Amino acid sequence: SNSVVREESVKALHKIGWTPKTDERSIKFLIGQKDFNRCAAIGEPAVIPLINTFNTDSETRNEAVKAIVKIGEPAINPLLNALNNPNPVIRRKACDALGDIGDPRAVIPLTERLNDPERYVKRRAANALIKISDDRAVNPLINALNDPEYKVRMRAAEALGNIGDKKAIKPLE
């Protein structure tokens, strides 16, 4: 689980000349080598192992999100499931990936994350909704204008502006 131990294990396996015999081990090996482009090329089988890296160092998390975004549609359902993970870092990165993918199936689950107990998850959900700009998010975003966290309110206002629904005028005033 420790990223430093994982990286050293991969280096040692590489020096020994070990090659993985299963796809799952191959994907984990590629992640350990930080070869996220090859993970993305593998596609759907790489999604869950990549999501599992969301709880590691920030560089690995960010590169895993980029790989998942390249994978695209096959990652949607696993990412939607990750929105309910007890770990807020995983929920945050799932919001990031869903926003970057931009699939409308993520709108309702992301609006539910606007009520997350973790403020950074709420911010990332609002940011994802900015990118998707779907009118189904209008009412939850209007409600988010009353969030105690000003960055959540700010991003909700930006998302409402992107969506352009007239019923947001009065709450924004």
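What counts as what
- Residues numbered from 1 in each chain as written.
- Predicted model: local features only at pLDDT ≥ 70, side-chain atom pairs only at ≥ 80, totals over all residues.
- Heavy atoms only, no water.
- Helix = DSSP H or I, 4+ residues; strand = E, 2+ residues; numbered from the N terminus.
- Buried < 20%, exposed > 50% of the residue type's maximum accessible area, 1.4 Å probe, protein only.
- Contact = heavy atoms within 4.5 Å.
- Areas by Shrake-Rupley, 256 points an atom, 1.4 Å probe, with all protein chains shown as cover.
- Lys, Arg positive; Asp, Glu negative; His and termini not counted.
- Charge placed at Lys NZ, Arg CZ, Asp CG, Glu CD.
- Salt bridge = Lys/Arg side-chain N within 4 Å of Asp/Glu carboxyl O.
- 1 Å grid on protein atoms, 1.4 Å probe; cavity = no way out; pocket = protein on both sides within 12 Å on 5 of 7 lines; lining within 4 Å.
- Points joined across faces, edges and corners; volume = space filled by probe spheres on them.
- Nonpolar A, V, L, I, M, F, W, Y, C, P; charged D, E, K, R; others polar.
- pLDDT = per-residue confidence, 0-100.

(A) Highlighting the overall build of the chain. Across its full length, the chain holds twelve helices and zero strands. Along the chain, helices (α) and strands (β) appear in the sequence α-α-α-α-α-α-α-α-α-α-α-α when read from the amino end. Counting only C-alpha atoms and orienting by the principal axes, one finds that the chain spans roughly 65 × 25 × 20 Å. Counting only residues that meet the buried cut, the chain has 45% of its 173 residues in that class. Considering only contacts in the chain between residues 6 or more positions apart, those separated by 24 or more positions represent 58%. Summed over its atoms, the accessible surface of the chain is roughly 9,300 Å², and 48% of this surface lies on carbon and sulfur atoms. Charged side chains of the chain number 28 positive and 23 negative; the gap between the two group centres comes to 4 Å.

(B) The pattern of salt bridges, seen in detail. If you walk through the whole model with that rule in mind, you get 14 salt bridges. For Arg113, the salt bridge identified is with Asp116, shortest N-O distance 2.4 Å. The residues Arg113 and Asp116 share a single accessibility class, namely buried. We note a salt bridge from Asp147 to Lys122, for which the minimum N-O separation is 2.9 Å. In this pair, Asp147 is assigned in the loop between helix H10 (138-144) and helix H11 (150-163) and Lys122 in helix H9 (residues 119-132), connecting sequence segments 25 residues apart. Judged by relative accessible area, which is 10%, Asp147 ranks as buried.

(C) Highlighting the layout of surface pockets. In this structure, the largest pocket encloses a volume near 310 Å³. In terms of lining, the largest pocket is formed by 15 residues, of which the most central are Arg6, Lys28, Ile31, Pro49 and Thr53. When contributions to the lining of the largest pocket are tallied by element, the ones reaching two or more residues are helix H1 (3-16), helix H2 (23-32) and helix H4 (47-52). Here the lining of the largest pocket is built from residues that sort into six nonpolar, six polar and three charged.

(D) Focus on the confidence of the model for the chain. Summarising the model, the chain shows a mean pLDDT of 91, and 96% of its residues fall at 70 or more. Averaged pLDDT values for the elements of the chain fall to 77 in H1 and rise to 98 in helix H8 (residues 107-113).

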